[in-house]
There are 4 protein chains.
Amino acid sequence: MSVIAELSIFPMDKGTSMSPYVARVVTVIKQSGLAYDFGSMGTTMEGEWDEVMQTVSACYKELEQDCDRIYLTLKVDSRKSRKNGLKGKTESVAAKLR
Amino acid sequence: MSVIAELSIFPMDKGTSMSPYVARVVTVIKQSGLAYDFGSMGTTMEGEWDEVMQTVSACYKELEQDCDRIYLTLKVDSRKSRKNGLKGKTESVAAKLR
Amino acid sequence: MSVIAELSIFPMDKGTSMSPYVARVVTVIKQSGLAYDFGSMGTTMEGEWDEVMQTVSACYKELEQDCDRIYLTLKVDSRKSRKNGLKGKTESVAAKLR
Amino acid sequence: MSVIAELSIFPMDKGTSMSPYVARVVTVIKQSGLAYDFGSMGTTMEGEWDEVMQTVSACYKELEQDCDRIYLTLKVDSRKSRKNGLKGKTESVAAKLR
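Cut-offs applied
- Residues numbered from 1 in each chain as written.
- Chains lettered and ligands numbered in written order.
- Predicted model: local features only at pLDDT ≥ 70, side-chain atom pairs only at ≥ 80, totals over all residues.
- Heavy atoms only, no water.
- Least-squares fit on C-alpha atoms with pLDDT ≥ 70 in both.
- Contact = heavy atoms within 4.5 Å.
- Buried area = accessible area lost by both parts, 1.4 Å probe.
- Salt bridge = Lys/Arg side-chain N within 4 Å of Asp/Glu carboxyl O.
- Polar contact = N/O pair within 3.5 Å; in protein donor to acceptor, adjacent residues only side chain to side chain.
- Helix = DSSP H or I, 4+ residues; strand = E, 2+ residues; numbered from the N terminus.
- Phe/Tyr/Trp six-rings, centres within 6.5 Å; stacked < 30°, edge-to-face > 60°.
- Buried < 20%, exposed > 50% of the residue type's maximum accessible area, 1.4 Å probe, protein only.
- Arc of directions from axis to C-beta.
- Pairing = 2+ DSSP bridges.
- Axes fitted to C-alpha atoms, helices over the stretch in contact; angles between N-to-C directions.
- Parallel < 35°, antiparallel > 145°, perpendicular 65-115°, else oblique.
- Left-handed = near helix turned anticlockwise from the far one by under 90°.
- Nonpolar A, V, L, I, M, F, W, Y, C, P; charged D, E, K, R; others polar.

### Considerations on the relation of the copies chain D and chain C
(1) Moving on: By a simple turn and slide, chain D fits onto chain C: the slide is 0.0 Å along the axis, the RMSD is 0.0 Å, and the turn is 180 degrees. Here the two chains are linked by the operation of a two-fold rotation axis. Judged by C-alpha distance, L74(D) is the residue of chain D that lies nearest the rotation axis, at 2.5 Å.
(2) Moving on: Both copies present the same face, since 100% of the interface residues in chain D are matched by interface residues at the equivalent positions in chain C.

### A word on the interface of chain A and chain B
(1) Moving on: Listed per partner, the contact involves 27 residues of chain A and 27 residues of chain B.
(2) Moving on: Both faces combined, the contact of chain A with chain B buries some 2400 Å², and carbon together with sulfur accounts for 51% of it.
(3) Moving on: On the chain A side of the contact with chain B, W49(A), Y60(A) and R69(A) bury the most area, a combined 25% of that side's loss.
(4) Moving on: Viewed at the interface, chain B and chain A are joined by 6 salt bridges.
(5) Moving on: Residue K80(A) is joined to D68(B) by a salt bridge in which the shortest nitrogen-to-oxygen separation is 3.2 Å.
(6) Moving on: Along the contact surface separating chain A from chain B lie 15 residue pairs in polar contact (both at pLDDT 80 or more).
(7) Moving on: Elements supplying a minimum of two residues to the side of chain A that touches chain B: α2 (49-64) and β4 (69-79) of chain A.

### Considering the packing of aromatic side chains
(1) Moving on: This structure, assessed with the given rule, holds 14 aromatic pairs over all chains.
(2) Moving on: For the ring pair Y71(B) and F10(D), a centre distance of 4.7 Å and an interplane angle of 65 degrees mean the geometry is edge-to-face. A residue pair is termed interchain when its members come from two chains, as with Y71(B) in strand β4 (residues 69-79) and F10(D) in strand β1 (residues 2-11). Both residues of the pair, Y71(B) and F10(D), count as buried.
(3) Moving on: What links up through ring pairs into an aromatic cluster is the set F10(A), Y71(A), F10(C) and Y71(C).

### Some thoughts on the interface of chain D and chain C
(1) Moving on: Listed by partner, the interface residues are 27 residues for chain D and 27 residues for chain C.
(2) Moving on: Interface area, chain D with chain C, both sides summed: about 2400 Å², of which 50% is carbon and sulfur.
(3) Moving on: The largest contributions to the chain D side of the interface with chain C come from W49(D), Y60(D) and R69(D), which together make up 25% of the buried area.
(4) Moving on: Across the contact surface, chain D and chain C share 6 salt bridges.
(5) Moving on: In this structure, the connection of chain D to chain C is made through 15 residue pairs in polar contact (both at pLDDT 80 or more).

### Thoughts on helix α3 (residues 85-94) of chain A
(1) Moving on: Taken together, the buried positions of α3(A) are occupied by G85(A), L86(A), T90(A) and V93(A). Seen end-on, α3(A) carries its buried residues on one side only, within an arc spanning 125 degrees.
(2) Moving on: Check the buried side of α3(A) and you find it contacts β1 (2-11), β2 (35-38) and β3 (43-47) of chain A together with α1 (19-32) and β2 (35-38) of chain D.

### Considerations on the sheet that holds strand β4 (residues 69-79) of chain D
(1) Moving on: Strand order in the open sheet made by the 8 strands is β2(C)-β3(C)-β1(C)-β4(C)-β4(D)-β1(D)-β3(D)-β2(D), with antiparallel pairing throughout. Either end of the sheet is taken by a strand with one partner, and the two such strands are β2 (35-38) of chain C together with β2 of chain D. Along the sheet, successive strands turn relative to each other by an average axial angle of 15 degrees, direction set aside.
(2) Moving on: Where strand β4 (residues 69-79) of chain C lies against β4(D), 11 bridges are found, and the strand directions are antiparallel. Bridge pairing in β4(D) places K75(C) opposite T73(D).

### Re the packing of α2(A) against helix α2 (residues 49-64) of chain B
(1) Moving on: Running from N to C, α2(A) and α2(B) point in directions that differ by 160 degrees, and their axes come no closer than 12 Å. Overall, the two elements α2(A) and α2(B) adopt an arrangement that is roughly antiparallel. α2(A) and α2(B) meet at a crossing whose hand is right-handed. For the pair α2(A) and α2(B), the contacting residues are W49(A), D50(A), M53(A), V56(A), S57(A), Y60(A) and K61(A) in the first and W49(B), D50(B), M53(B), V56(B), S57(B), Y60(B) and K61(B) in the second.
(2) Moving on: For the contact of α2(A) with α2(B), the class distribution of residues is 8 nonpolar, 2 polar and 4 charged.

### Re the relation of the copies chain A and chain B
(1) Moving on: Its rotation angle being 180 degrees, the transformation that places chain A on chain B also includes 0.0 Å of axial translation and leaves an RMSD of 0.0 Å.
(2) Moving on: A shared binding surface is used by both copies, with 100% of the interface residues of chain A retained as interface residues in chain B.

Keep in mind these numbers describe shape, not what the thing actually does.
Here you go:
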């Protein structure tokens, strides 16, 4: 299965300046070796279920070190036999835009 | 940390009759032994991060057996030193309702 | 269409004590007259699209009065010809639980 | 307030080929005139609350014409006095990446 997962995660106990925490999370995702795409509302990655979820856990544990309250949303679209879905999904829609 | 996680998961390739698939997922959550609460838009469970995520993975793998496309959303509120959060969160709000 | 919508909304600039803000939001939903169900990770309501979205906007505007940063997630399952979906969806699953 | 909203919306009654429906939704967002960013797991837009929510409603009503069951998730980060948040949020994180 090609698992495409969009992760948004941030501390709720550190005020409104989130970017240092988000940067730490994106660094964990970069170091995972998974294909990823970093956006304004979350970071999307693609891989097999177990490796994607291991990376999600690594992101959580990165913040858990010094954050006492954490909010996280994850959105997954998993599809058998899909190849290169991170790019393919947007290209397939772009080709149909009026 | 008390990890409260709301999971919504369903196949995208099986038509619009979702309840048999949702029932399989809720059965997996029941069998996990975690505290849980089953609602119309998702099932909420509470535990430590690793046991909650193992249960989420077990739900996914239950459906992956016969579903070729799966959609999943997960929403997590994790808080240090919280006890009995599943009940406590709603009671704390209910006490403040006008 | 029966629109079932789960709303989670909270300020990001008020520390970690969310229940006073959540109570204000739930009060707005109660006063809307829509069928609703209040849970630990969000409040689910049911109605027609326009009335549900008006209520979501009223919740947002309630917090916008004194909050400078707000986070919100909304999850909607909309279905033609469904009656009493808030109760019906859970009953349909419960009947299939092993 | 700068409202950044990520919308994911698709029919649940049309099989697994979602791109024609997603293309119709992205077209509605393009025509709204809002700043937007189109990704593999949703489309992010930025504006004032009312104009963003009007666009979300227009997307829903586009699909409601011929879809009998629709699933939608919306994630909003709203912040007072933010300018050009769609670009600014990612730049602020990118500057901190190790």
